[in-house]
Amino acid sequence: MGKVIGIISVKGGVGKTSCTSNIGASLAKDYNQKVLVVDANFSAPNLGLHLGVADVDKTIHEVLKGKCSILESIYEYDDQFHLIPARLNYRRRVDYKKFKSKLGRLKKKYDYILIDSSPSLNSEIKATIEASDYLLVVTSGDYPTVATTVGTVNEVVSYKKPILGLVVNKYKRKKFELSREDIEGTVGIPVISFLQENRRMGKSLAQTTPFVLLFPRARLSKQFRKLASLLIE
Ligand SMILES: Nc1ncnc2c1ncn2[C@@H]1O[C@H](COP(=O)(O)OP(=O)(O)OP(=O)(O)O)[C@@H](O)[C@H]1O
Ligand SMILES: [Mg+2]
């Protein structure tokens, strides 16, 4: 049975979608795992845009509405790396409660299912938490974001889902940033990865290709590969 890992944060823009696409691409390419990434940022989705799958008929929204099966909503980025996008600009209500059971049907088909979550502690992030076996919390290394992350972690603890750790993204390696000890002391869970800020992330977005595939030799790609390897252990 595949592992379902929810990638969450309470602040927007910290890098959940970038982590989902890059960890997913690395697990598939570097570790030969069969991977599905799913967009559960239902009201502001963009995983499909990161991976060049936009403007399609069958998405997680149609699945939750009962208009297509979850198998029909799967797109193949390549043999080992698949995705389920969400519908852009979907304004009507969707019933997130079915998300877990629909996704559960796919656990036999994949080694890893990564869920790209919505930020903020609303019903959307709850859909991700409930559907996940494990959670990965993404933050940046500045004090306001780290302080807000404490709230996410406290909320998540009540779901009794194992937290694999904190990922500190967009790390600048500057003296003014919080240290590992500061972050772990504030949030109360271990930092399992520091991912450095890299301006070429913009190019990978423009080319709809995960950074790890476009720039495999960059330090940031090594950091993503190391993070992916920690998920396999
Ligand atoms: N390590 C990095 N270095 C440089 N830019 C990055 C890095 N990680 C993410 N970004 C950029 O930051 C922006 C936000 O990233 P991303 O969309 O992954 O965040 P998010 O947490 O999914 O946002 P949202 O909450 O809106 O869904 C994007 O433009 C992305 O390219
Ligand atoms: Mg996102």
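Definitions and limits used
- Residues numbered from 1 in each chain as written.
- Chains lettered and ligands numbered in written order.
- Predicted model: local features only at pLDDT ≥ 70, side-chain atom pairs only at ≥ 80, totals over all residues.
- Heavy atoms only, no water.
- Pairing = 2+ DSSP bridges.
- Helix = DSSP H or I, 4+ residues; strand = E, 2+ residues; numbered from the N terminus.
- Axes fitted to C-alpha atoms, helices over the stretch in contact; angles between N-to-C directions.
- Contact = heavy atoms within 4.5 Å.
- Patch = residues over 30% accessible without salt bridge, like charges linked within 9 Å, V, L, I, M, F, W, Y side chains within 5 Å.
- Areas by Shrake-Rupley, 256 points an atom, 1.4 Å probe, with all protein chains shown as cover.
- Salt bridge = Lys/Arg side-chain N within 4 Å of Asp/Glu carboxyl O.
- Lys, Arg positive; Asp, Glu negative; His and termini not counted.
- Charge placed at Lys NZ, Arg CZ, Asp CG, Glu CD.
- Buried < 20%, exposed > 50% of the residue type's maximum accessible area, 1.4 Å probe, protein only.
- Near = heavy atom within 4 Å.
- Polar contact = N/O pair within 3.5 Å; in protein donor to acceptor, adjacent residues only side chain to side chain.

## Examining the sheet that holds strand S6 (residues 134–140)
Moving on, step 1. What the 8 strands build is an open sheet, ordered S3-S4-S2-S5-S1-S6-S7-S8; its pairing is mixed. Bordering the open sheet on either side are strand S3 (75–78) and strand S8 (191–196), each of which pairs with just one other strand. Mean inter-strand twist for the sheet, computed between neighbouring axes without regard to direction, equals 25°.
Moving on, step 2. Both strand S1 (residues 3–8) and strand S5 (residues 112–117) contribute to a ladder of 5 bridges, which runs parallel. Bridge pairing in S5 places valine 4 opposite isoleucine 113.
Moving on, step 3. Running at roughly 165° to S5, helix H1 (residues 16–31) makes contact with S1, strand S2 (35–40), strand S4 (81–84), S5, S6, strand S7 (163–171) and S8 of the sheet.
Moving on, step 4. Sitting on the sheet, helix H7 (residues 180–187) touches S7 and S8, and the angle it makes with S8 is about 130°.

## Looking at a positive patch on the surface
Moving on, step 1. Where like charges cluster on the molecular surface, the positive patch consists of Lys65, Lys67, Arg92, Arg93, Lys97 and Lys98.
Moving on, step 2. Tracing the sequence through the fold places lysine 97 in the loop between S4 and helix H4 (99–104).
Moving on, step 3. A residue is classified by how much of its surface remains accessible, and lysine 97, at 73% relative accessible area, is exposed.

## Focus: the site of ligand 1
Moving on, step 1. Close to ligand 1 lie 18 residues, the nearest being Gly15, Lys16, Thr17, Ser18 and Asn198.
Moving on, step 2. The side chain of threonine 17 places a nitrogen or oxygen atom 2.8 Å from an oxygen atom of ligand 1.
Moving on, step 3. For ligand 1, an oxygen atom lies 2.6 Å from a polar atom in the side chain of serine 18.
Moving on, step 4. Expressed as a share of its isolated accessible area of 630 Å², the protein-covered part of ligand 1 is 81%.
Moving on, step 5. Listed by contribution, the elements that provide at least two residues to the shell around ligand 1 are H1, S7 and helix H8 (201–206).

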